[in-house]
Amino acid sequence: MTTLLIRNAHTIATQNDAGDELHNASILLQDGLIASIGPAYELPDTADEVIDARGHLVVPGLVNTHHHMYQSLTRAVPAVQNAELFGWLRGLYPIWAGLTPEMVRVSTQVAMAELLLSGCTTSSDHLYIYPNGVRLDDSIEAARAIGMRFVATRGSMSVGESAGGLPPDSLVENEDAILADTQRLIERYHDARHGAMTQVGVAPCSPFSVSRDLMKTSAELARSHGVRMHTHLAENDHDVAYSLEKFGCTPAQYAQDLGWTGADVWHAHCVKLDEPGISLFAATRTGVAHCPCSNMRLASGIAPVRQMLNAGVAVGLGVDGSASNDGANMLAEARQALLLARLRKSLEAPHTDAQGRTVFGCDTAPMEMTARDALRVATRGGAQVLGRSDIGQLAPGMCADLALFDLGTLGQAGGAVHDPVASLLLCASAQAAYTVVNGRGVVRQGQLATLDAGPLVEQHNRLARELVGA
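Criteria and thresholds
- Residues numbered from 1 in each chain as written.
- Predicted model: local features only at pLDDT ≥ 70, side-chain atom pairs only at ≥ 80, totals over all residues.
- Heavy atoms only, no water.
- Helix = DSSP H or I, 4+ residues; strand = E, 2+ residues; numbered from the N terminus.
- Buried < 20%, exposed > 50% of the residue type's maximum accessible area, 1.4 Å probe, protein only.
- Polar contact = N/O pair within 3.5 Å; in protein donor to acceptor, adjacent residues only side chain to side chain.
- Salt bridge = Lys/Arg side-chain N within 4 Å of Asp/Glu carboxyl O.
- Expected span 1.5 Å × (residues − 1).
- Arc of directions from axis to C-beta.
- Contact = heavy atoms within 4.5 Å.
- Pairing = 2+ DSSP bridges.
- Phe/Tyr/Trp six-rings, centres within 6.5 Å; stacked < 30°, edge-to-face > 60°.
- Lys NZ or Arg CZ within 6 Å of the ring centre and 35° of its normal.

Got a minute to help me understand the side chain of S423 in this structure?
Inspection of the secondary structure assignment puts S423 in helix α14 (residues 420–426). Look at S423 and you get buried, because its relative accessible area is 3%. At 2.7 Å, the side chain of S423 forms a polar contact with the side chain of Q412.

Printed below as a string of structure tokens:
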């Protein structure tokens, strides 16, 4: 039995059902779970390890629901800096064809290091390119070494350019081989138990890169093994146009027709999800990974997040690929989700002024999203989207995943004294002082504790130059 005590925290934002925010409180962690939480005077003063949390805000570990970690190697590539989605993909596919197993392992750890330093403790990843012997095992091994809770999804592409798809033929796989490898990965790595550190999902890439048959058989495989399903959907106007032209229906209708709605499914982006699509997702409990930074970077639009939440759709946050963000900071992503939702509200609230003129924006309209709403999407929302009832909040019996932020930093000056929880989202995005995963400190005093970041970055930069040919 090992114990870790987070002692005398300034504020603990539990994100429990009641939304409790505790002051001068402590959390006792034991064997990877939360043993107790409450006023500091009610909890022990000692444990195997004690973290002095005075002057710190404690939140549940943030949950990242969509990523392409290998893309860390192709950040800020000049040729695609100003491209929209389809052009961006066409420009990068030939580069990604050079990926190796070493590149996937190293880029996964770089992406996870960024996430951990921003207070993220659980991440999914969508790996759908497998050239040169790359396997999803490479990502899983990297996650285990760095100490992140991981939902690894076996992506795939099977329809190349010659068959009307977007990717080059050289990057697509045989569908039988895709299904066989997906089953192998589920049987080898998927852990359905409470507190699981590794889970596997089934994730055909997108409607414009896989066949109708693969979508259907992937859903059947996933459900026969009780694992979750993930893909991209309704990302931008071109995505919707492709669906209408090729399938004669909207992306949401296409997903429904193929069995890709339900409580075991989550779709990335959904920027262009229409009102019938939102109603469908709410009725079927289908989840959405909202990726605000990437959606802006690729000029895809502003997702109707408030409408989704109001309808009862499960919404989590995702940083998306590091070549379309171009970072992996979950706290910054939550802040951007907050600000972008408010911008959408202002754009959609026209009113008539005293002179009878139509003005866009309304000072009296309710805010699209509050700081606490955004934090909840980044924690409880992400847990719901990934089908995890054991993460996303701080309560006895939950996984011992949490992040501590120093309220005495320059970036928090002024804000933390008024509202420490809101200041985490409204002020400049902070780096975590401590990040704890499964009861283990993986970030300590603002530094990665499980790997040496210096050599990792050096190796990553060497591989990035090699991949891009710079």
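Can you help me understand the pattern of salt bridges in this one?
Should the charged atoms of two oppositely charged side chains come close, the side chains can pair. Under the definition given, this model contains 23 salt bridges. Across the salt bridge formed by R149 and D401, the nearest N and O atoms sit 2.7 Å from each other. With a gap of 252 residues between them, R149 in strand β8 (residues 149–156) and D401 in the loop between α12 (371–385) and β16 (402–406) connect regions that are remote in the sequence. According to the relative accessible area criterion, R149 is buried, its value standing at 0%. What makes D401 buried here is its relative accessible area of 4%.

Looking at this model, I keep getting lost on helix α4 (residues 175–189). Mind explaining?
Since the α-helix advances by 3.6 residues per turn, residues separated by three or four positions end up pointing in the same direction. When the terminal C-alpha atoms of α4 are compared, their 21 Å separation across 15 residues agrees well with the 21 Å that a helix rising 1.5 Å per residue should span. Burial in α4 covers these residues: I178, D181, T182, L185, I186 and Y189. Down the axis of α4, the sector holding all buried residues measures 140 degrees, keeping them to one side. Residues of α4 that are exposed and point over 90 degrees away from its buried face: D176, E187 and R188. Elements in contact with the buried residues of α4: α3 (136–146), β8, β9 (198–204) and α5 (212–225).

Just checking my understanding: could you explain the pairing of strand β17 (residues 434–437) for this structure?
Across the two faces of β17 the burial is the same, with Y434 and V436 and T435 and V437 all buried. Taken together, the three bridges between β16 and β17 define a ladder with antiparallel strand orientation. Its bridge partner lying in β17, A403 is registered against T435. With four bridges joining them, β17 and strand β18 (residues 440–444) adopt antiparallel strand pairing.

Even after reading the chapter, I still don't get the packing of aromatic side chains, so can you show me in this structure?
Two measures describe an aromatic ring pair: the distance that separates the ring centres and the angle between the ring planes. Scanning the entire structure with this criterion turns up eight aromatic pairs. Judged by centre distance (5.2 Å) and plane angle (90 degrees), the rings of Y70 and W96 are edge-to-face. Of this pair, Y70 sits in the loop between β6 (62–64) and α1 (85–96) while W96 sits in helix α1, and the two are 26 residues apart along the sequence. On the basis of relative accessibility, which here comes to 0%, the residue W96 falls in the buried class. Of the aromatic side chains, those joined through ring pairs into one cluster are Y70, W88, Y93, W96 and Y128. Sitting over the ring of Y130, R154 keeps its end group 4.0 Å from the ring centre.

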